[in-house]
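Report on the structure
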Amino acid sequence: MNDAPADPFGQISGNGASTSFDLLHEKARRWIWQQGWTELRDIQERSIPILLEGQRDLIIAAGTASGKTEAAFLPIVSRLATDERKPGAGFEAIYISPLRALINDQFGRMETLCEEVETPVWKWHGDVASSVKERARKRPQGILLTTPESLEAILVRRGNEAKRLFAALSYMVIDEMHAFMDADRGRQLQSLLNRIEIAAGHPVVRVGLSATLADMRTSAAFLRPLNPDGVEILESQMGSQPLKLQVRGYIQPRLKQRDANSDKCEVTESTADIEIATHLFDTLRGHRSLIFAGSRRNVELYTARLCGLCETSGVPEEFFAHHGSLSREHREEAERRLKEDNRPGSIIATTTLELGIDVGHIDAVSQIGPGHTVSGMRQRLGRSGRRAGQSSVMRVYTTEIAIDERIHLIDAMRPRTVQTIAMLNLMLRRWNEPPQIGCLHLSTLIQQILALIAQHGGLTVKQGWNRLIESRVFPEIDQALYIDVLRRMKHPEVQLIEQAPDGTLLPGEEGERVINDRGFYAVFMTPDEFKVITDRGRNLGTLPIDSPVMPEQLIIFAGRRWRVIELDNQRREILVTRAYGGVPPKFGGEGLPPADEVVAEMRRVYESIAIPRFLDRIALECLTEARETFDHLGLRHAGLHQHEDELLLFPWVGNRAQLALVLALASHGVTANSEGIAVTVQAKDGSKLIAALKTLAERPAPDAEVLARLVPDMKRAKYDAYLGDELLARCYASEHIDAARVPIIAADLISRLPTGVTTIFET
DNA sequence: GACCTGCTGCGGATTG
């Protein structure tokens, strides 16, 4: 791989099979030779003719180290070098990345190639000096590496220059495309691509790069909404490195209650954490690895432990923390430490290092807990074993609580272990979470209407319709809803827009303020944190409010179970009281379950007798216990189980359907709580529950908007506050509540009532 | 659910 061919301009591969190489510009071929490459990668071979032709959109779906960027940019710079170009006539290609750090990495890799072909390359994001942007703006040419937010800023602040900047544009490359899809940011990006093409005055070839796309049809529709069938798809045939996978189980002994009369404090450190840290230290010290710890708190905890172990062992520190609350300097220092010197070292991170920020070669990846998505898991796995002939190594650490007479049934079902197995099964089957369909994204629609008004100094209703709805950036929105949103924005209480006598939409008083806020260019919101206060006035800490919290609901906080008394939206406070007796489920009851497919796979794991090969001894024991509990509770046939003063329902559905069920029960006066795979109801409400389920099963599906109104604070996205109750409920319902399935779920639960239960509760 | 992502232009002080 590192042997340079004798003749730099001859055939690149020994057998002379590469025809794509010959198609490239002479200077691009020289660059390849200088890199010491002896052959082009599969996807590069295939992308070159397509992109050189410059007519078709393209998705390159290939593993993390498969050379996707070069697959896009070798033909692009070749084409630019061949074409006749007027200096300063406008940028010729744009590379769009979700992260500034990725732009900085790519800039370094791209510079030598672009120098060779005499094409300027510009970085443009929030950290780039305004003098550099000024120069790029005065003489736009070559390749622009930027973020959606920076593009938004360019269009909003320099709308009248857009034509000049983009008139010569031939290509738009979107890196890590999966990171945009299914998110507000993705809608904004789609709209930006459209607005840039309109400014350019001609269609521009779109190229999407990703390693974890769920489904090529939806991905093509994301890239080119008006012509998905015209998008060429390249999926890598290679790149499946040998895989070494292990799930390691750990048992957490129950901590003894602190004795109020004793002055001896119990050790509060968890043994499972210590064992995991010790194993990480023993296996990773001296290697180069990434450890995904799941939360910022865990990152800190494990970094401290691992550094402590380095100290007591008298070895140099080689473990570094990396998460969103740490300063950029701190994070970059950790990245540099690993990248620059190829010494041993590990970074403990949240999702901050999931995307391809360059930290050099990685031997192994560790993950603590199952994580939240299968595609995230795959993305993390892809960060190791990137060298030819090496395996990808991944260890997943799962913790379950020791079984004793006080264990909660949900814990006894070993949900973490089973979820991990289910997610790995799905990953091995090459499944990824599909983007959710039907979401209205009204907050982003509002932002884009304002952005278009700002860019053009005003907008007609028809122009807005053409650019946002007819363009299929917001295909879920019909004419009536579009008009409703505009009316709302114009409402005297809102004043985001006003209308000139000729009908042109202009910014209203509030609209001016919103557009001129420097945060306007980003469509996503940094979530508000709620203070959690007990009825005795104790401040427990803060809780990020991105899940619905209702009075009467149970939440787990600071290791205890609490009942919500009251929610104060003004003061951003949640008032709680200690919940009724019984031990809280330590790991199971963390709210809504994962996606439908993951829950369905979990059920199959419980029901099956198959033993995955990737389990260590304790993980295997946990799986055995999980299946024993499952059978002991009769869950193979029953969907309900009573345990002391609690009823546990098992609908076996994912988050949106389970939230619909919980809210539908609430609408019938039954307080239900999502505790992972189970829904819990107080036993005293048993007869009410059965009656409610029967009604729900018989009647047509409840209206999702009506259910949404039971959620006290439906605001999730940045400009939701402007929507008003009605639009907000529609929007929330479209994104979070799968009401259509409620009758089927209720009927299924009724049909799975354990024998005897109906008679007990039916009186 | 946990976590993550982004950002202009101008006024004023400081420095060479």
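Just so you know, these numbers come straight off a predicted model, no measurement behind them.

Cut-offs applied
- Residues numbered from 1 in each chain as written.
- Chains lettered and ligands numbered in written order.
- Predicted model: local features only at pLDDT ≥ 70, side-chain atom pairs only at ≥ 80, totals over all residues.
- Heavy atoms only, no water.
- Helix = DSSP H or I, 4+ residues; strand = E, 2+ residues; numbered from the N terminus.
- Buried < 20%, exposed > 50% of the residue type's maximum accessible area, 1.4 Å probe, protein only.
- Contact = heavy atoms within 4.5 Å.
- Areas by Shrake-Rupley, 256 points an atom, 1.4 Å probe, with all protein chains shown as cover.
- Pairing = 2+ DSSP bridges.
- Axes fitted to C-alpha atoms, helices over the stretch in contact; angles between N-to-C directions.
- Parallel < 35°, antiparallel > 145°, perpendicular 65-115°, else oblique.
- Left-handed = near helix turned anticlockwise from the far one by under 90°.
- Nonpolar A, V, L, I, M, F, W, Y, C, P; charged D, E, K, R; others polar.
- Core = buried A, V, L, I, M, F, W, Y, C linked by side-chain atoms within 4.5 Å.
- Expected span 1.5 Å × (residues − 1).
- Salt bridge = Lys/Arg side-chain N within 4 Å of Asp/Glu carboxyl O.
- Domains from an automatic or database assignment.
- Disulfide = S-S within 2.5 Å.
- Arc of directions from axis to C-beta.

What to know about the overall build of chain A
- Tallying secondary structure elements over chain A gives 28 helices and 24 strands in all.
- Across the 763 residues that make up chain A, the buried fraction comes to 54%.
- Restricting the contact set of chain A to residue pairs at least 6 apart, pairs at least 24 apart contribute 73%.
- A total accessible area of about 33300 Å² is found for chain A, and carbon and sulfur atoms account for 49% of it.

Topic: the sheet that holds strand β7 (residues 232-235)
- Pairing is parallel in the open sheet, where 7 strands are placed in the order β3-β4-β2-β5-β6-β1-β7. Because the sheet does not close on itself, it has two edges, and the strands there are β3 (121-124) and β7. For this sheet, the mean inter-axis angle between neighbouring strands, taken without regard to orientation, is 15 degrees.
- Two elements, strand β5 (residues 171-174) and strand β6 (residues 205-210), share 4 bridges in a ladder whose sense is parallel.

Structural notes on unusual backbone geometry
- Of note, Glu118 is a non-glycine position whose phi angle comes to about 55 degrees, a positive value.
- Residue classification places Glu118 among the exposed residues on the basis of a relative accessible area of 55%.
- Positioned with a positive phi, Arg472 is a non-glycine residue whose angle comes to about 65 degrees.
- With respect to the element layout, Arg472 can be found in the loop between α18 (461-470) and α19 (479-490).

Focus: the packing of helix α7 (residues 148-157) against helix α9 (residues 184-200)
- Interaxial distance between α7 and α9 falls to 10 Å at its minimum, and their mutual angle equals 45 degrees. Between α7 and α9, the angle falls in the class oblique. Crossing angle aside, the handedness with which α7 passes α9 is left-handed. Of α9, the residues touching α7 (which contributes Pro148, Glu149, Leu151, Glu152, Leu155 and Val156) are Arg185, Gln188, Leu192, Arg195 and Ile196.
- Looking at side-chain class alone, the contact of α7 with α9 contains 6 nonpolar, 1 polar and 4 charged residues.

Observations regarding the nonpolar core
- Residues Ile143 and Met413 are the most contacted members of the largest nonpolar core, which totals 87 residues.
- Not counting residues up to four positions away in its chain, the partners in contact with Ile143 are Phe73, Val77, Leu80, Ala93, Cys114, Thr119, Pro120, Val121 and Trp122.
- Core analysis: the next-biggest nonpolar cluster, separate from the first, contains 74 residues, Leu442, Leu445, Leu689 and Ala733 among them.

Regarding helix α11 (residues 271-284)
- With 14 residues, α11 ought to run about 20 Å at 1.5 Å a step, and its terminal C-alpha atoms sit 20 Å apart, in line with that.
- Inspection of α11 places Ala272, Asp273, Ile276, Ala277, His279, Leu280, Phe281 and Leu284 among the buried residues, and these make up the whole buried set.
- Just downstream of α11 lies Gly286, where phi reads positive at about 90 degrees.

Here we look at the side chain of Glu149
- Structurally, Glu149 can be placed in helix α7.
- Once you skip the residues sitting within four places of it in the chain, Glu149 turns out to touch Arg185, Gln188, Tyr521, Ala522 and Phe524.

Here we look at the pattern of salt bridges
- Under the criterion given, the structure shown has 37 salt bridges.
- Here Asp685 and Lys688 are joined by a salt bridge, their closest N and O atoms 3.9 Å apart.
- Judged by relative accessible area, Lys688 falls into the partly exposed class, the value being 42%.
- One salt bridge in this structure joins Asp713 and Lys715, with 3.4 Å as the shortest N-O distance.
- Residue class for Asp713 comes out buried when judged on its relative accessible area of 9%.
- Looking at Lys715, the relative accessible area reads 35%, which means it is partly exposed.
- Linked by salt bridges that have partners in common, Glu134, Arg137, Lys138, Arg158, Glu161 and Arg164 make up one network.

Describing the domain arrangement of chain A
- Domain boundaries in chain A define domain 1 (2-235), domain 2 (243-256 + 270-428), domain 3 (442-516), domain 4 (529-578) and domain 5 (634-762).
- Computed from C-alpha atoms alone, the centre-to-centre distance between domain 2 and domain 3 is 45 Å.

Things to note about the pairing of strand β12 (residues 364-368)
- Among the 5 residues of β12, 5 are classified as buried, and the element is accordingly described as predominantly covered.
- Of the two faces of β12, the one holding Ala364, Ser366 and Ile368 and the one holding Val365 and Gln367 are both buried throughout.
- Judged from the 4 bridges that link them, strand β9 (residues 288-292) and β12 form a sheet pairing that is parallel. Across the sheet, Phe292 pairs through a bridge with Gln367, a residue of β12.
- Alignment of β12 against strand β13 (residues 392-401), held across 4 bridges, turns out to be parallel. Bridge assignment links Val365 to a residue of β13, and that residue is Met394.

A closer look at the pairing of strand β23 (residues 672-675)
- Burial along β23 is two-sided: the residues Ala672 and Ser674 and Asn673 and Glu675 are all buried.
- Here β23 runs beside strand β24 (residues 678-682); their pairing, made up of 4 bridges, is antiparallel. Across the sheet, residue Glu675 finds its bridge partner in β24, namely Ala678.
- A loop of 2 residues connects β23 with β24, the two strands running antiparallel in sequence, and Gly676 in this loop sits at a positive phi of about 75 degrees.

Considering the packing of helix α16 (residues 415-428) against helix α22 (residues 617-632)
- Between α16 and α22, whose axes approach to 9 Å, the crossing angle comes to 105 degrees. Classed by the angle they form, the pair α16 and α22 counts as roughly perpendicular. Contacts between α16 and α22 pair Thr417, Val418 and Ile421 from the former with Ala619, Cys622, Leu623 and Ala626 from the latter.
- Class assignment of the residues belonging to the contact of α16 with α22 gives a composition of 6 nonpolar, 1 polar and no charged.

A short note on the state of the cysteines
- In the structure shown here, the tally under the stated rule is 0 disulfides.
- The cysteine Cys307 is free of any disulfide, with Cys310 supplying the nearest cysteine sulfur at 5.9 Å.

A word on helix α27 (residues 742-751)
- All buried positions along α27 are accounted for by Val742, Pro743, Ile745, Ala746 and Leu749. Buried residues of α27, seen end-on, are gathered within an arc of 165 degrees and therefore sit on one face of the element. What points out from α27, more than 90 degrees from its buried face, is the exposed set Ile744 and Ser751.
- Where α27 is buried, its residues touch β22 (646-649), α23 (655-667) and α24 (686-698).

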